[in-house]
Amino acid sequence: MYPIVRLIKDTVLASRMERLPITGMHVSSHICWPWDLDMWMELNNGRTMTLYDLGRTMLAQRVGLIRCLRERRWGLTVAGSSVRYRRRIRGFEKFEMRSRTAGWDKKFIYVEQSMWKKNGDCASHVMLRTAVTDKSGIVPPQKVLEALGQHAEASPELPGWIRDWCAADAGRPWPPMQDRLA
């Protein structure tokens, strides 16, 4: 079940925080509740991605994107992701999430997020290819930036590993070949 109460709480909290520039870092604190656990008593990988959704929503709130989405009837979607898990988060453990926009190209906005344990260890890291959409399809990031009042801002140079990920993903067959999946 989607954590609606957390979403409302986090959105209200983010609306009261200082506004961030498009490349600003949003930092939030979280607890791994019993309903977030899998059978091994650690943060479930699916719930991890849902919590990352909450972090992106808070980031979107702080950069002013939520307001733009509502005003223009735009949507927000994930067009690809790559996640790396390295440390377990156990029940009732507190952790910090960091969310930021790494950059954009002509079509997509790349968001980087990570979860950090109290001892300083990075538990997981995700890179997402996201897009703002309207009834015609993908809204170009420059148009989104203009709506945010940041139209003169150019994308920071994407790190090599993000460019490599984009190139590798571009070579992935789509749709997947059914005979290779059998």
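Rules of the game
Residues numbered from 1 in each chain as written. Predicted model: local features only at pLDDT ≥ 70, side-chain atom pairs only at ≥ 80, totals over all residues. Heavy atoms only, no water. Buried < 20%, exposed > 50% of the residue type's maximum accessible area, 1.4 Å probe, protein only. Helix = DSSP H or I, 4+ residues; strand = E, 2+ residues; numbered from the N terminus. Arc of directions from axis to C-beta. Contact = heavy atoms within 4.5 Å. Pairing = 2+ DSSP bridges. Core = buried A, V, L, I, M, F, W, Y, C linked by side-chain atoms within 4.5 Å.

Within helix H5 (residues 160-170) the residues assigned to the buried category are Ile-162, Trp-165 and Cys-166. In an axial view of H5, the angular spread of the buried residues amounts to 100°, which keeps them on one side of the axis. Across from the buried face of H5, at angles greater than 90 degrees, the exposed residues are Asp-164, Ala-167 and Ala-168. Residues of H5 that are buried sit in contact with strand S2 (75-85), strand S3 (94-104), strand S4 (109-117) and strand S5 (122-134).

Another point: the pairing of strand S1 (residues 25-31). Going residue by residue along S1, you find His-26, Ser-28 and His-30 tucked away on one face and Met-25, Val-27, Ser-29 and Ile-31 left uncovered on the opposite face. Looking at chain direction, S1 and S3 are connected through seven bridges and run antiparallel. Looking at the pairing, Ser-28 lines up with Met-97 of S3.

It is worth spelling out the nonpolar core at this point. Ranked by size, the top nonpolar core spans 19 residues in total, and within it Leu-65, Trp-74, Val-132 and Val-144 carry the most contacts. Elements with a minimum of two residues in this core: helix H2 (45-63), helix H3 (65-72), S4 and helix H4 (141-147). Counting residues per element, this core draws most heavily on H3, at four residues. Here Val-144 is in contact with Leu-65, Trp-74, Val-132 and Val-139, once residues within four sequence places are set aside. Counting 13 residues, the second largest nonpolar core, distinct from the first, contains Leu-37, Leu-43, Tyr-52 and Met-97.

Without other data, these values stay purely geometric and don't point to any function.
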